[in-house]
Amino acid sequence: MACLLETPIRMSVLSEVTASSRHYVDRLFDPDPQKVLQGVIDMKNAVIGNNKQKANLIVLGAVPRLLYLLQQETSSTELKTECAVVLGSLAMGTENNVKSLLDCHIIPALLQGLLSPDLKFIEACLRCLRTIFTSPVTPEELLYTDATVIPHLMALLSRSRYTQEYICQIFSHCCKGPDHQTILFNHGAVQNIAHLLTSLSYKVRMQALKCFSVLAFENPQVSMTLVNVLVDGELLPQIFVKMLQRDKPIEMQLTSAKCLTYMCRAGAIRTDDNCIVLKTLPCLVRMCSKERLLEERVEGAETLAYLIEPDVELQRIASITDHLIAMLADYFKYPSSVSAITDIKRLDHDLKHAHELRQAAFKLYASLGANDEDIRKKIIETENMMDRIVTGLSESSVKVRLAAVRCLHSLSRSVQQLRTSFQDHAVWKPLMKVLQNAPDEILVVASSMLCNLLLEFSPSKEPILESGAVELLCGLTQSENPALRVNGIWALMNMAFQAEQKIKADILRSLSTEQLFRLLSDSDLNVLMKTLGLLRNLLSTRPHIDKIMSTHGKQIMQAVTLILEGEHNIEVKEQGHSHVKLQLAAMFCISNLIWNEEEGSQERQDKLRDMGIVDILHKLSQSPDSNLCDKAKMALQQYLA
């Protein structure tokens, strides 16, 4: 019975709520155009800052009527403009409002409006489009559906400072990935937007700057072009440098630093260029200080992490700039109980976003410690650092977990730390937990780190083995993701190195011969190489060779012979260098099998001879690669001895 009562109650509430709004909608249908115009103006005043009123009007069907009036040829320009303004105001409400507008096909109607000769109407349409396209619920693709839209927007850039501001904002929000970058680039985005950087309007300069940051990101073509663009006789990089000076607004400093960072990473500016070392890097370090707002600290740290990631010299410079390593430790103590934030709204916002600070700190620590042993030591010696990373591994946010694993992986490249801090904090335990049930992006980094923890000098190797790592890693070798297959087999290869017979038997049993063969015919070259590495480690001592060959001998010899003959599917572009590497790896396995000083070598030599190995070795002894040639000759000597 309760179910039956629900609908009428809800209806009565709705009718009560919407009754006061209904007269606004009714006036849109008045036969007198002047009354319709006044009705739209009154509606505009009623919805400003009133989300409840906006929702009511949408429920009552105001949107289709407003769009109809906006597109009617008989509507006056003033009426069309006021309709666009009201629609823009409705779009500024909730995400559901934007969804309702999209369902009514507002975007094609507004784009059509841009063909009008009236500038005020064009600006109102663009302002509404800007609001809709900057909403997370709007698919960016809607901007690119009609091929005539982008060139028309480029043409409108010269009309007014408002068209410049809104169009640049639309571009920077809707440019996601290389396809969009190419479309905008090919339609002259660089030439059309560059001169806006010297506009008298701060908002125009700012939106133009944001456009360049999204156009240059991971795009060598755009970045190489930007380096040589002149604006009022000045090169773009010089303009960006001026915009990141301390007297400029923080938002401008950060975005200019991003532009220079992206151009540097795309290879258009050298890493030792003064504009990077003396300007961009110090500016980004400044953004990490306590004085900055949460989002500025996050963006500063993440951009800096990206800038220095591939370059050891920049990592060293950053690590000694403004006590950065200690400064980042504050990212974990925020907001503190004695926080200087008196604005309650701000405090509430920051508490909700504090995890972003931790994520950014982990990312930057990972980049800082990527190559230099001293920097890694400094990071690990920072107060409670290992505890913080271990805690990060079990945070609810996937992004924080991923950043913590990346940070740990970066620090695990240190032999010294693997032997000390990693052991003291039993890092392998939370890592194994992460590996049990994580999305692929985390699994790739966590399994890569496990490879380091399984190196023979790592004290974590034993406990990891005891906690069921063999099955877990064998499972990874069956993944559809090639990176996970590589890491699974790589970790097994490290595990088998100088291992006792029991571990090797466990690996072979869990992996199964069938899977071993699938891996030896894998389309990914790295998987093949690591599988051969695993075989070589499994066949490293005489008793182990005998044991393994007695159970899997024929298949192993077939597999290795097959690789030496080169009858495997490696893409043509990877022929040559990689092919030789593969054959070299197979040669190591063969050498282990036929070495004369080992018992049982005669029998294995005979089996391999029957499989045509001697002919293959003769052929390889003529190889242009001296290393491969020498190995083949050495192997042939075993047959002659």
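Scroll up for the structure.
Residues numbered from 1 in each chain as written. Predicted model: local features only at pLDDT ≥ 70, side-chain atom pairs only at ≥ 80, totals over all residues. Heavy atoms only, no water.

A. Local environment of the overall build of the protein chain. Within the protein chain, the secondary structure is distributed over 39 helices and two strands. The 641 residues of the protein chain split such that 54% are buried. Considering only intrachain contacts with a sequence separation of at least 6, the fraction spanning at least 24 residues in the protein chain is 66%. Counting every atom, the protein chain has about 29,900 Å² of accessible surface; 52% of that belongs to carbon and sulfur. (Helix = DSSP H or I, 4+ residues; strand = E, 2+ residues; numbered from the N terminus. Buried < 20%, exposed > 50% of the residue type's maximum accessible area, 1.4 Å probe, protein only. Contact = heavy atoms within 4.5 Å. Areas by Shrake-Rupley, 256 points an atom, 1.4 Å probe, with all protein chains shown as cover.)

B. Main features of helix α16 (residues 250-265). Helix length check: α16 (16 residues) gives 22 Å between terminal C-alpha atoms against 22 Å at 1.5 Å per residue, within 8%. The buried count for α16 comes to 14 of 16 residues, which makes it a mostly enclosed element. Just downstream of α16, G267 is the residue with a positive phi angle, here 90°. (Expected span 1.5 Å × (residues − 1).)

C. A look at the layout of surface pockets. Estimated volume of the largest pocket: approximately 1,400 Å³. Along the wall of the largest pocket there are 42 residues; nearest its centre are F217, Y262, E302, T303 and K363. Looking at the lining of the largest pocket, the element that brings in the most residues is helix α18 (residues 294-308), giving eight residues. Looking at the lining of the largest pocket residue by residue, the classes come out as 13 nonpolar, 15 polar and 14 charged. (1 Å grid on protein atoms, 1.4 Å probe; cavity = no way out; pocket = protein on both sides within 12 Å on 5 of 7 lines; lining within 4 Å. Points joined across faces, edges and corners; volume = space filled by probe spheres on them. Nonpolar A, V, L, I, M, F, W, Y, C, P; charged D, E, K, R; others polar.)

D. Geometry of helix α32 (residues 501-511). The complete set of buried residues in α32 reads I503, K504, D506, I507, L508 and L511. Downstream of α32 by one or two residues, S512 has phi in the positive range, about 75°.

E. Examining the pattern of salt bridges more closely. Counted according to the given criterion, the structure contains 24 salt bridges. The salt bridge partner of E234 is K242, with a shortest N-O separation of 2.8 Å. The exposure class assigned to K242 is partly exposed, which follows from its relative accessible area of 41%. When salt bridges that share partners are traced, they join K290, D330, K333 and E383 into one network. (Salt bridge = Lys/Arg side-chain N within 4 Å of Asp/Glu carboxyl O.)

F. Just unusual backbone geometry, in detail. Even without being glycine, H105 reaches a positive phi, approximately 60°. The topology assignment puts H105 in the loop between α6 (95-103) and α7 (106-113). For H105, a relative accessible area of 58% gives the class exposed. Positive phi is not limited to glycine here, since Q498 has a value of about 50°. By secondary structure assignment, the location of Q498 is in the loop between α31 (482-496) and α32. Exposure remark for Q498: the relative accessible area of 63% places this residue in the exposed category.

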